[in-house]
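Examining the three-dimensional arrangement
If you want the building blocks of each chain, they are given just below.
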There are 2 protein chains.
Amino acid sequence: MANKPTVNLGILGLGVVGQGVLKHLNRNRKILESRLGVRLKVSKIAVRNKRLKRNVKVNPKLLTEDGFEVVNDPSIQVVCELIGGTTLAKQLTLQALKNGKIVVTANKALLCEHGNQVIRAAKRSEGHIFFEASVAGGIPIIKSIREGLVANRFPGIHGILNGTCNYILTRMQAEGKPFGEILSEAKALGYAEADESLDVDGIDAAHKAGILAYLAHGKWIPMNKMLIEGIREITTSDILAADAMGYRIKHLASVVSDAKKNTLFVGVYPALIPKSHILGRVDDVYNAVCVSGDVVGSTIHIGRGAGQDATASAVISDIADAVFTTQGAGLMNLIDEKNDPLTSTLEELQIASMEEVKSSFYLRLSVIDQPGVLSKVTALMAKEKISIARVVQQLDSKPSNKKVKAAAVLTLTTHQCSESAIERAVRSLKRSSPVLSKPFLLRIAHFND
Amino acid sequence: MANKPTVNLGILGLGVVGQGVLKHLNRNRKILESRLGVRLKVSKIAVRNKRLKRNVKVNPKLLTEDGFEVVNDPSIQVVCELIGGTTLAKQLTLQALKNGKIVVTANKALLCEHGNQVIRAAKRSEGHIFFEASVAGGIPIIKSIREGLVANRFPGIHGILNGTCNYILTRMQAEGKPFGEILSEAKALGYAEADESLDVDGIDAAHKAGILAYLAHGKWIPMNKMLIEGIREITTSDILAADAMGYRIKHLASVVSDAKKNTLFVGVYPALIPKSHILGRVDDVYNAVCVSGDVVGSTIHIGRGAGQDATASAVISDIADAVFTTQGAGLMNLIDEKNDPLTSTLEELQIASMEEVKSSFYLRLSVIDQPGVLSKVTALMAKEKISIARVVQQLDSKPSNKKVKAAAVLTLTTHQCSESAIERAVRSLKRSSPVLSKPFLLRIAHFND
């Protein structure tokens, strides 16, 4: 650790996102420093009011009420601009870039409205600007378009980019309540701002669409050349009618280029999306981006579009890119076992033995079709303390055991139990008289979300 | 162009993937060189048989039948290993790394089975190895986990990683035909190899799961410590029973770590996935990876998992990373208008005017509920040459026009037409006597896939 270089970070703004970045930088510092090969030091934080109480522990000596103290500090290499807005944030960003610093920003309005000026300032001073957190929160969509899909031209990019709109439309769909009512509840729950217009009138999504258009086509499209429509006029009867016709209504952002006509269209608007399309299934505050590339075909990227944690994840990934830039390294380092995030902190990562893994299961049994069989089967399961969730019985048209007149396929699902318990149950079942052939076992997937 | 540095590429293997890489490097060369700021030159290609006919145009002078000629060529900076297998491919990869070259590979077997040795060789010589194409084809999942989600620990990664399994299971679901029958048809159609076992017995997915486990946890898990199950034993009755209980059966790869117990589980196996989960909706040859991060929450990444083009997209993105490494640049360059992929080749990219954009539409009309209204409405649409796809009529419980006794909400969808045509139709409808208030228009999304 001693011979690792130190990278000094300055942070502008300690609101929801700033606090999230500090929280997760501290919490995952060991892994992060091991992955990056440097020490990360937050050396100055600009806030509006030093005396404000905050949910995250901060050394008060780091605080200043003058953002320029941060961007003009020669020891700071990376500046995170998390103030928002296009006045002070713009001045500070331009000054930081002029000073040759790497700027990490979540500020979509600044980029969409002053992108040319900001990028030019970065080029002029050989500074850099990273903005993964500006579009689609925790989804690494900027990096995916700019680097992961660099081989492609992009005829179409479509996305659900505003979590508030998606939350409101999802609840309108689920509960059949009108826009105004859901909006009020969303405000009370913190899913919509007191002034909702940036979100529900499409401005926020338009900022993000502008950034995606720039990434894909190298052009900043002025907002007055975009189609910008919000969701205020959507009624429950629209949602019902769309549903009856096989659609969901979503607030969609589109960046569509037509190579033949040499045109580019950028717009955000409520749209009907087929239920069968993955985008039609992306609900609540989730965001999604569907990128069509001329080489790769379509890729879809889904994740939380906003919130302290998802945004912090994106900001920290930009800090990582910035760190590698300061170190002149061309790629993320390759984790190896010596320098490993888990083994270095936890010493010995064990390979889990299957017996310990808990799961719920699907079990298929070929059984004699006669009364009492189900009770026999469930009794055997109960003996292993396995409780049954559902049972489906089908006629077995081709029983493997030819001696049996009437056979049935019994399929059942269990609640969570250990692999060893279910395997003991399977062994008992195999020996049990009404069971005609080897029981067949499948796991049921559980996801953390 | 003249003062751009040149990066020399060597290619090992000119099979399906190698030809795809050449094809797309040539086709998108202008954009790619503009994005990367270098000239890309394929300077040597090793093949098994120089005289074989190929679908892609190659200068025969570039061909050699000796792979070592490529990896030992001091002018070559980046070597793409697209041979496959773990014998010659391994020798060539190790030699290239020893010579300080950057290796780009799609070889999952080599990485999973000899990852420690290969990564160590890269570190020792300060070479690099990139392997985006080794997992999930065109989805930039390696970069997303390693860079975009670098802020996270990864308690769970779940994925559909084998396109052949997913194709077979999707068709079994859709058509109710047994495994063997679909497998034969898949072979005939080229969706399964003549020897299907690598795919349907889970070996291919296990190789990929091993790579994801390494990325997330820095450990190469030996295959004999993984759970490896294939899909041969799945019957149509399993698929029916699972469907009845709300599930789809998919071949799933899981990398699950338990921070409390300090254990890691890596397995591939057929699993029941709730239909309501996005992974349950990923069909045909598509792959998907669901990454749970402790900071970001869940992100899902979907795209084509195999095939010449998707794999080429991933290989070329690695070539781009390699190029930046050779240039000592720490990030993808920021496209600006001067150095712009579209404007530099196409001179003037126009912003599309809305009137030209074609779309299909959803139209909501509040109308008097009396005979003949629908015919009047459709006649007005026909006048603008707009054809109607579907109509849904609902009773309007709160007509905005209080003078009317019985009102209805008429919603209809159109086939494709121009924005200007639909707007003319809306203006006529607004003036038409049975229409009670301003018609409300929504677009229907069309995706390229």
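Residues numbered from 1 in each chain as written. Chains lettered and ligands numbered in written order. Predicted model: local features only at pLDDT ≥ 70, side-chain atom pairs only at ≥ 80, totals over all residues.

1. Re the overall build of chain A
To keep it simple, the criterion reads: Going along the chain from the N terminus, every DSSP run of H or I of four or more residues is numbered as a helix, and every run of E of two or more is numbered as a strand. Working definition of burial: number of other C-beta atoms within 10 Å of the residue's own, with buried at 20 or more, exposed at 12 or fewer, and partly exposed in between, all C-beta atoms being placed from the backbone. Placing a C-beta atom from the backbone of each residue, one calls two residues in contact when those atoms lie within 7 Å.
When helices and strands are tallied, chain A shows 15 helices and 18 strands. On the principal axes, the C-alpha backbone points of chain A span a range of 85 × 60 × 50 Å. A buried classification covers 53% of the 449 residues belonging to chain A. Taking the intrachain contacts of chain A between residues at least 6 apart in sequence as the baseline, contacts between residues at least 24 apart amount to 73%.

2. Examining the environment of Gly115(A)
Residues and elements named next belong to chain A. Residue position: glycine 115 is located in helix 5 (residues 108-124). Judged by the 19 C-beta atoms lying within 10 Å of it, glycine 115 falls in the partly exposed class. Distance in space between the C-alpha atoms of glycine 115 and isoleucine 211 is 8.4 Å, their sequence separation being 96 residues. Apart from the residues within four sequence positions on either side, glycine 115 is in contact with Tyr214 and Trp220.

3. A look at helix 10 (residues 203-217) of chain B
Residues and elements named next belong to chain B. For clarity, the cut-off: Working rule for helices: expected span equals 1.5 Å times residues minus one.
For helix 10, built from 15 residues, the straight-helix expectation of 21 Å at 1.5 Å per residue is met to within 8% by its first-to-last C-alpha distance of 21 Å. Burial of helix 10 is extensive: 14 of the 15 residues sit out of reach of the surface. At the C-terminal side of helix 10, glycine 218 shows a positive phi close to 70°.

4. Digging into the interface of chain B and chain A
Formally: Two strands form a pair only when DSSP identifies at least two bridges running between them.
Taken together, the contacts link 114 residues of chain B with 114 residues of chain A. The leading source of residues in the side of chain B that touches chain A is helix 12 (residues 308-326) of chain B, at 10 residues. Looking at chain direction, strand 13 (residues 350-351) of chain A and strand 10 (residues 263-274) of chain B are connected through two bridges and run parallel. Of the residues in strand 10 of chain B, the one forming a bridge with Ile351(A) is Leu264(B).

5. Overview of the sheet that holds strand 6 (residues 128-130) of chain A
All names here are of chain A. The line we're drawing: The angle between two axes is taken between their N-to-C directions and runs from 0 to 180 degrees, where each axis is a line fitted to C-alpha atoms and a helix contributes only its stretch in contact.
Read from one edge of the open sheet, six strands run 3-2-1-4-5-6, paired in parallel fashion. The open sheet has two edge strands with one neighbour each: strand 3 (63-64) and strand 6. Where strand 2 (residues 39-46) meets strand 3, two bridges bridge the pair, whose relative direction is parallel. For alanine 46, the partnering residue across the bridge sits in strand 3 and is threonine 64. Sheet contacts for helix 1 (residues 16-27): strand 1 (6-12), strand 2 and strand 4 (78-81); angle to strand 2, the most-contacted strand, approximately 155°.

6. Overview of the sheet that holds strand 4 (residues 78-81) of chain B
Residues and elements named next belong to chain B. Strand order across the open sheet formed by six strands is 3-2-1-4-5-6, with parallel pairing between neighbours. Edge strands, defined here as strands with exactly one partner in the open sheet, are strand 3 (63-64) and strand 6 (128-130). Relative to strand 6, strand 5 (residues 102-105) is paired through three bridges, and the arrangement is parallel. Each residue of the ladder has a partner; that of isoleucine 102, found in strand 6, is histidine 128. Docked against the sheet, helix 1 (residues 16-27) engages strand 1 (6-12), strand 2 (39-46) and strand 4, running at close to 155° with respect to strand 2.

7. Details of the nonpolar core
Counted only if it meets this: Note on terminology: a nonpolar core is any set of buried Ala, Val, Leu, Ile, Met, Phe, Trp, Tyr and Cys residues joined through C-beta atoms within 7 Å.
Counting 292 residues, the largest nonpolar core has Ala209(A), Val315(A), Ala209(B) and Val315(B) as the members making the most contacts within it. Those residues within four positions of Val315(B) in sequence are excluded, and the remaining contacts are Val17(B), Val21(B), Cys80(B), Val104(B), Ala106(B) and Ala133(B).

8. Thoughts on the confidence of the model for chain A
Which entries qualify depends on this criterion: The pLDDT value tells you how sure the predictor is about a given residue, anywhere from 0 up to 100.
Averaged over all residues, the pLDDT of chain A equals 90, while 94% of them reach at least 70. Under a pLDDT of 50 for its full length, residues 330-347 of chain A has, in the predicted model, 45 contacts with residues more than four places off or in other chains.

9. Considerations on the packing of helix 5 of chain A against helix 10 (residues 203-217) of chain A
Residues and elements named next belong to chain A. The condition that has to hold: Convention used here: angles under 35 degrees read as roughly parallel, angles over 145 as roughly antiparallel, angles from 65 to 115 as roughly perpendicular, and any remaining angle as oblique. Crossing handedness is read from the near helix: turned anticlockwise from the far helix by less than a right angle, it gives a left-handed crossing, and turned clockwise, a right-handed one. Asp, Glu, Lys and Arg are counted as charged, while Ala, Val, Leu, Ile, Met, Phe, Trp, Tyr, Cys and Pro are counted as nonpolar; the rest, among them Gly, fall into the polar class.
Where helix 5 contacts helix 10, the axes come no closer than 8 Å and their chain directions differ by 55°. With respect to helix 10, the element helix 5 is oriented oblique. For the element pair helix 5 and helix 10, the recorded crossing hand is left-handed. The segment helix 5 lies against helix 10, with Lys108, Ala109, Leu111, Cys112 and Gly115 engaging His207, Lys208, Gly210, Ile211 and Tyr214. Its residues assigned to classes, the contact of helix 5 with helix 10 shows five nonpolar, three polar and two charged.

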